[in-house]
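Given next are the chains, with one letter for each unit.
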Amino acid sequence: MRTSFNIPDEVVTEFDRVWNEQGLENRSRAVREAMQEYIESHTRLEDTDGTVVALVGFDYRHHEVIGELHSVQHDYQDVILNTSHTHQGEWCLESLFCRGPSERVRQLTYRLRDFDGVRRVKVMMIRDGE
C-alpha cells in the first residue's frame, strides 16, 4: 500500500540519517520497522488489565506546557507514586513511576500525548497484573 504523511523536515532528516547509518536498504523498510516497534510498544499497555507498575517518561518544552502538565499530574496522583524532573536547555525530561489500574495509566499516557509541547511519551511496563 502506498500512503503519504505530513512530517516535519527535521524529523525526516534525522530518520533518514539513522536508518542509513544502520545500513537498512530503504526508507520504506525503516518505516515498516518503526511502525512495528510502535505497535509492539503500545499493544502491551493497551492489552493489559488489572494493576500495573510502569515508568512513563516524556520530554517537553517547559515554557509551553508546564502549568497544564502539573494539572494532569495532580489529576492522576492516585497512580503516580514518584516523579523525577531534569532540565536540558529549553527541553525538560520527566519520569513518572506509576502503580495502579492499567486503565488509569493508559488515560494518563493519552493525556500527556495530547500536548503539542510534549515531544515523546514512552511507557515501560515493569510489571503487569497482580
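Residues numbered from 1 in each chain as written. Predicted model: local features only at pLDDT ≥ 70, side-chain atom pairs only at ≥ 80, totals over all residues. Heavy atoms only, no water.

**With respect to helix H1 (residues 9-21)**
The test is simple: In this description a helix means any DSSP run of H or I spanning at least four residues, a strand means any run of E spanning at least two, and both kinds are numbered starting from the N terminus. Given the number of residues in a helix, its expected span is that number minus one, multiplied by 1.5 Å.
Between its first and last C-alpha, H1 extends 18 Å over 13 residues, near the 18 Å set by a 1.5 Å rise per residue. After H1 finishes, the residue Gly23 shows a positive phi value of roughly 80°.

**A closer look at the pattern of salt bridges**
The test is simple: By definition, a salt bridge exists where a carboxyl oxygen of Asp or Glu is found within 4 Å of a side-chain nitrogen of Lys or Arg. Relative accessibility thresholds used throughout: buried, under 20% of the residue-type maximum; exposed, over 50%; partly exposed, between the two (1.4 Å probe, protein chains only).
Overall, the coordinates contain eleven salt bridges when judged by the stated rule. The shortest N-O distance in the salt bridge between Arg119 and Asp59 comes to 2.9 Å. Pair noted here: Arg119 is in strand E4 (residues 118-128) and Asp59 is in strand E1 (residues 51-61), with a separation of 60 residues, a long-range link. Residue Asp59 is classed as buried on the basis of its relative accessible area of 6%. Its salt-bridge partner being Arg104, residue Asp78 comes within 2.7 Å of it at the nearest N-O pair. Of the two residues, Asp78 is situated in the loop between helix H3 (62-75) and strand E2 (80-88) and Arg104 in helix H4 (residues 102-113); the sequence distance between them amounts to 26 residues. Each of Glu14, Arg17 and Glu21 takes part in a single network of salt bridges with overlapping partners.

**Details of the nonpolar core**
The line we're drawing: To form a nonpolar core, buried Ala, Val, Leu, Ile, Met, Phe, Trp, Tyr and Cys residues must be joined to one another through side-chain atoms within 4.5 Å. Pairs of residues are marked as contacts when any of their non-hydrogen atoms sit within 4.5 Å.
With 23 residues, the main nonpolar core has Phe58, Tyr60, Leu69, Leu96, Leu108 and Leu112 as its most contacted residues. Elements supplying a minimum of two residues to this core: E1, H3, strand E3 (91-101), H4 and E4. Here this core gets five residues from one element, more than from any other, and that element is E1. With residues up to four places along the chain from it excluded, the contact list for Leu108 reads Val72, Tyr76, Ile80, Leu96 and Cys98.

**Some points on the UniProt feature "domain: Transcription factor NikR nickel binding C-terminal" (unreviewed entry) in the protein**
Defined as follows: UniProt positions are given in the numbering used here, feature names are shortened, and annotations may be inferred rather than shown by experiment.
UniProt records the feature "domain: Transcription factor NikR nickel binding C-terminal" (unreviewed entry) at residues 57-126, using the numbering of this structure. The span residues 57-126 is 37% helical and 49% strand by assignment, and the distance between its end C-alpha atoms comes to 13 Å.

**Comments concerning the pairing of E1**
Using the following cut-off: Any two strands with at least two DSSP-identified bridges between them are counted as paired.
Of all eleven residues in E1, eight are buried; the element is thus mostly enclosed. Note: E1 against E3, eleven bridges, orientation antiparallel. The partner of Val53 across the bridge, within E3, is Arg99.

**Quick word on the environment of Phe15**
Mapped onto the fold, Phe15 is located in helix H1. Its relative accessible area of 27% is what places Phe15 among the partly exposed residues. Along the backbone, Phe15 and Met124 are 109 residues apart, and their C-alpha atoms lie at a distance of 23 Å. Residues in contact with Phe15, not counting those within four places in the same chain, are Arg27, Ala30, Val31 and Ala34.

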